[in-house]
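Chain residues, written in single-letter form:
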Amino acid sequence: MTGSTSKLAKLSHFDSGGAAHMVDVGAKAATHRVAVASGRIRMRPATFRLVAAGRAKKGDVLGIARVAAIQAAKRTPELIPLAHPIALTRISIDFSLDRKKSSVALSARVECRGQTGVEMEAMTAAAIGLLTIYDMLKAVDRGMTLGQIRLEEKRGGKSGAFRR
């Protein structure tokens, strides 16, 4: 690695030589950590009506997506290679239906009392929840689009608060 080594050293998941590593959080204080992430899936109006009425062929689309999102938050370290296993204390998943845009927004709130944040858990929950909606509805609408997965808020830890 030439030239970019000094830039990589400033990123916490790279050592001074540019090699990836898991950050040592052992000396950090355990604090209450909160992260909220969101995302959206857009679909055809007819597909949206199935979701809103709870009449999709595979069943309760949003109920299953909620369970999938919760499971995804808990399994984040299995999916994101350098994420720490965290004892999560709360996961909540909420949906907002927008009839005019034929879309469903998902908000994932994840909390813990620990030495590292839960941003990746919240964003993983949002992504997997939306992918589950797609999976349950793809038989009637393969043109759905997922997007806008982003961190909305994080609190706790030495880096302070972030709010979009």
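To start, this report covers the structure provided alongside it. (Residues numbered from 1 in each chain as written. Predicted model: local features only at pLDDT ≥ 70, side-chain atom pairs only at ≥ 80, totals over all residues. Heavy atoms only, no water.)

## So, the overall build of the protein chain
Note the cut-off: Each helix is a run of H or I in the DSSP string that is no shorter than four residues. Each strand is a run of E no shorter than two, and both are numbered from the N terminus. Only protein chains enter the accessibility calculation, which uses a 1.4 Å probe. A residue is then buried if its area is under 20% of the maximum for its type, exposed if over 50%, and partly exposed in between.
If you tally the helices and strands in the protein chain, you get 5 helices and 5 strands. Ordered by position from the N terminus, the helices and strands of the protein chain form the series α-β-α-α-α-β-β-α-β-β. If one aligns the C-alpha atoms of the protein chain with their principal axes, the spans along those axes are about 55 × 35 × 25 Å. The buried share among the 164 residues of the protein chain stands at 38%.

## Points about the layout of surface pockets
We count it as follows: Both site types are read off a 1 Å grid over the protein atoms alone. A 1.4 Å probe that fits but cannot get out defines a cavity, while an open set with protein on both sides within 12 Å along at least five of seven lines defines a pocket; lining residues have an atom within 4 Å of a point. Grid points are joined across faces, edges and corners, and a volume is the space filled by probe spheres set on the points. Each residue gets one label: Ala, Val, Leu, Ile, Met, Phe, Trp, Tyr, Cys and Pro are nonpolar, Asp, Glu, Lys and Arg are charged, and the others, such as Gly, are polar.
Considered as a void within the structure, the largest pocket measures approximately 510 Å³ in volume. In terms of lining residues, the largest pocket is bounded by 22 residues, among which His13, Lys28, Thr116, Gly117 and Glu119 are the most central. Looking at the lining of the largest pocket element by element, the count peaks at 3 residues for helix α5 (residues 119-137). In terms of residue class, the lining of the largest pocket is made up of 8 nonpolar, 8 polar and 6 charged.

## Here's the deal with the nonpolar core
Put simply, the rule reads: Here, nonpolar core refers to any group of buried Ala, Val, Leu, Ile, Met, Phe, Trp, Tyr and Cys residues whose side-chain atoms link them within 4.5 Å.
Counting residues in each nonpolar core, the largest one holds 30 residues, and the members touching the most others are Met43, Ile93, Phe95, Val104, Ile133 and Leu137. For this core, the elements supplying multiple residues, two or more each, are β1 (31-42), α2 (45-53), α3 (61-74), β2 (88-98), β3 (103-114) and α5. Sort the elements by how many residues they give to this core and α5 lands first, with 7 residues.

## Focus on the pairing of strand β4 (residues 145-155)
The condition is simple: By the convention used here, strands pair only if DSSP detects at least 2 bridges between them.
Where β1 and β4 come together, 8 bridges link them in antiparallel fashion. Bridging from a neighbouring strand, Ala35 pairs with Lys154 of β4. Inspection of the sheet shows β4 paired to strand β5 (residues 162-163) by 2 bridges, in the antiparallel sense. Bridge assignment links Lys154 to a residue of β5, and that residue is Phe162. A loop of 6 residues connects β4 with β5, the two strands running antiparallel in sequence, and Gly156 in this loop sits at a positive phi of about 100°.

## Focus: the side chain of Ser92
Note the threshold: Note on definitions: a residue-residue contact is assigned when non-hydrogen atoms from the two residues lie within 4.5 Å.
Within the secondary structure layout, Ser92 lies in strand β2. Contacts of Ser92, omitting those with residues within four sequence positions, involve Ser107, Ala108 and Arg109.

## Quick notes on α3
Spelled out, the test is: Expected span of a helix: the number of residues minus one, times 1.5 Å.
Taking 1.5 Å of rise per residue, the 14 residues of α3 would be expected to cover 20 Å, and the 20 Å separating its terminal C-alpha atoms lies within 8% of that figure. Taken together, the buried positions of α3 are occupied by Val61, Leu62, Gly63, Ala65, Ala68, Ala69, Ala72 and Ala73. Buried residues along α3 sit against α2, α4 (76-79), β2, β3 and α5.

## Let's talk about unusual backbone geometry
Phi is mostly negative for residues that are not glycine, and the peptide bonds are mostly trans. Unusually for a residue other than glycine, Ser102 sits at a positive phi of about 50°. Examined against the element boundaries, Ser102 turns out to sit in the loop between β2 and β3. By relative accessible area, Ser102 is classed as buried at 6%. Positive phi is not limited to glycine here, since Gln148 has a value of about 60°. Relative to the assigned elements, Gln148 resides in strand β4.

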